[in-house]
Amino acid sequence: MSQRRNRLVAAPLIAVLGLVALAGPAGASGESVGACMADHLLELVEEEHGDLGHVLHDEKVQENLEKCFEAPNPILPETNEIIWGALSFFLLFFFMVKKGFPAVKGAMDARADRIRSDLDAAEQAKIDAKAVEADYVSRLADAKGEASRLIDEARGAADRLRADLAARAEADIAALRERAAADIESSRQQAIADLRAEVAGIALGAAERVVQASLDAEVHGHLIDAYIDEVAGSNG
Amino acid sequence: MADPRVAGYAEALFAVAVAEGDLVAVEDELFRFAQALLANDDLRTTLTDQSVPAARRQQVVEDLLDGKASATTSALVSMVVAAGRAAELPAIVDAMVERSVASRNRTVATVRAAVDLTDDQRQRLAAAIHASTGKEVEVKVVLDPSVLGGVVTEIGDDIIDGSVRRRLNQLRESFR
């Protein structure tokens, strides 16, 4: 800020110095050679009380007139110009200090504040972006972890399901085998029983026919007598 | 004797037989006729056919029993058949026999055999049953060829099976 203020002060000083140092000869006096000579002559005449001839032959006068052909000081302006110029300068400087500088300073400060605000906003945005990025990375990591966990769970569930199905299939196969074996055994036993019953029926049929053929009246009598004896022998 | 109608007819037959003074003979003849009726499907069908006139059925009965049974027995059977109770005649006769035997303080022993028993065998069997069970019984023989040989005696709910059929059945069971 102070550097900027120094620059504001130095600029008009440099302009003043340049103006003083580089001022032209014409700009210095502002009058012609003839007027210069006339002025000198009139002054000498007044000093010599009107004796123009004497003045023209005086060597000193000649030297003064020669001076009119010489260029005025190229740097030093006329005194009034210096006064007016200085007055104007200081007026301008005062005006600049009082009005221009605060306005410029306010604009500069506002711009600096705006830039600082923009920088702060940019910094905040950067921080926010980094926070968002960190959050995104964190969420991405969480998502990856969740996805990995879900995949593991799904794989585990699939393994368990496969194992259950395999166990159930094994159990079903074992049950079917057992049932088939039981059916076979039952059928075998039934076949044996049927065969035995068939054989028994055939044998008993043959035995019945033999008995019927062998039962005559005498045998009937013996059977009845034996029955009576058996009933009499039994006691209750 | 759960059916009151059967019991009523049995009581009527018993009363008539007692009134005629020939209870034992009538009882025996009725029992034999009932067994014949059970053994003969054609006879049973004829006597139980309601489409056949009652007079015709009575005539069949009289023709069958003419000269083989007493007039009382023939009249009683004819009466039952005419009343349309031929199908219940075996049960009626069984009830009447039981009632008759009970009147003599005895019990019926129904004996099923392939051949008829002699009087001596009947007496010895009755004595044997009395010795065994303590009951005074009257033996009623039912001819049953399915018995093959030997005797099956039924006294109320008690059965004494000494038949060849039972032994064959035991043999059949032993095969299983």
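1. A look at the overall build of chain B
The number of helices and strands found in chain B is eight helices and four strands. Written out in order from the N terminus, the α and β elements of chain B read α-α-α-α-α-α-β-α-β-β-β-α. Of all 176 residues assigned to chain B, the portion counted as buried reaches 35%. Put simply, 63% of the contacts in chain B that link residues at least 6 apart link residues at least 24 apart.

2. Remarks on helix α7 (residues 119-133) of chain B
Here α7(B) is 15 residues long and its end C-alpha atoms lie 21 Å apart, about the 21 Å a rise of 1.5 Å per residue gives. Residues of α7(B) that are buried: Q121(B), L125(B), A128(B) and I129(B). Projection of α7(B) onto a plane perpendicular to its axis shows the buried side chains occupying an angular sector of 100 degrees, all on one side. Opposite the buried face of α7(B), by more than 90 degrees, sit the exposed residues D119(B) and D120(B). As for α7(B), its buried residues are in contact with α7 (217-233) of chain A together with β1 (107-113), β2 (137-143) and β3 (150-155) of chain B. Following α7(B) by one or two positions, G134(B) adopts a phi angle in the positive range, close to 80 degrees.

3. Comments concerning the sheet that holds β1(B)
Residue and element names in this part refer to chain B. Taken in spatial order, the four strands make up an open sheet running β2-β1-β3-β4, and their pairing is mixed. Each edge of the open sheet carries a strand with a single partner, namely β2 and β4 (158-163). On average, adjacent strands in this sheet sit at an angle of 20 degrees to one another, irrespective of strand direction. Bridging between β1 and β2 involves seven bridges; their strand directions are parallel. Following the sheet pairing, A113 is matched in β2 by L143.

4. A closer look at the nonpolar core
Residue and element names in this part refer to chain B. Core analysis: the largest hydrophobic core is formed by 49 residues, its most contacted members being L13, L30, I92 and M96. Here this core spans two domains, and each of domain 1 (4-100) and domain 2 (106-175) adds at least three residues to it. The residues contacting L13, other than those within four sequence positions of it, are L30, L76, I92 and M96.

5. Here we look at the confidence of the model for chain B
All names here are of chain B. In this model, chain B carries a mean pLDDT of 89, and residues with pLDDT of at least 70 account for 98%. Ranking the helices and strands of chain B by mean pLDDT puts β3 first, with 92, and helix α8 (residues 164-175) last, with 85. For this predicted complex, the interface confidence score (ipTM) comes to 0.78, while the overall pTM stands at 0.49.

6. Examining the interface of chain A and chain B
Counting residues at the interface gives 22 residues for chain A, matched by 24 residues for chain B. Broken down by secondary-structure element, the contributors of at least two residues to the side of chain A that touches chain B are α6 (79-214) and α7 of chain A. Residues of the side of chain A that touches chain B, tallied by class, amount to 14 nonpolar, five polar and three charged.

7. Some points on unusual backbone geometry
All names here are of chain B. We note that N105 has phi near 60 degrees; this positive angle belongs to a residue other than glycine. Along the chain, N105 falls in the loop between α6 (89-103) and β1. Among the residues examined, N105 registers 7 C-beta atoms within 10 Å and is labelled exposed. The phi torsion at L148 lies on the positive side, around 70 degrees, for a residue other than glycine. Here L148 lies in the loop between β2 and β3. We classify L148 as buried; it has 20 C-beta atoms within 10 Å.

8. Looking at the environment of F175(B)
Its location among the elements puts F175(B) in helix α8. C-beta crowding within 10 Å serves as the criterion here: with 12 such atoms nearby, F175(B) is assigned to the exposed category. Excluding residues within four positions of it along the chain, F175(B) makes contact with R196(A) and A200(A).

Scoring rules and cut-offs
- Residues numbered from 1 in each chain as written.
- Chains lettered and ligands numbered in written order.
- Predicted model: local features only at pLDDT ≥ 70, side-chain atom pairs only at ≥ 80, totals over all residues.
- Helix = DSSP H or I, 4+ residues; strand = E, 2+ residues; numbered from the N terminus.
- Buried ≥ 20, exposed ≤ 12 C-beta atoms within 10 Å, placed from the backbone.
- Contact = placed C-beta atoms within 7 Å.
- Expected span 1.5 Å × (residues − 1).
- Arc of directions from axis to C-beta.
- Pairing = 2+ DSSP bridges.
- Axes fitted to C-alpha atoms, helices over the stretch in contact; angles between N-to-C directions.
- Core = buried A, V, L, I, M, F, W, Y, C linked by C-beta atoms within 7 Å.
- Domains from an automatic or database assignment.
- pLDDT = per-residue confidence, 0-100.
- Nonpolar A, V, L, I, M, F, W, Y, C, P; charged D, E, K, R; others polar.

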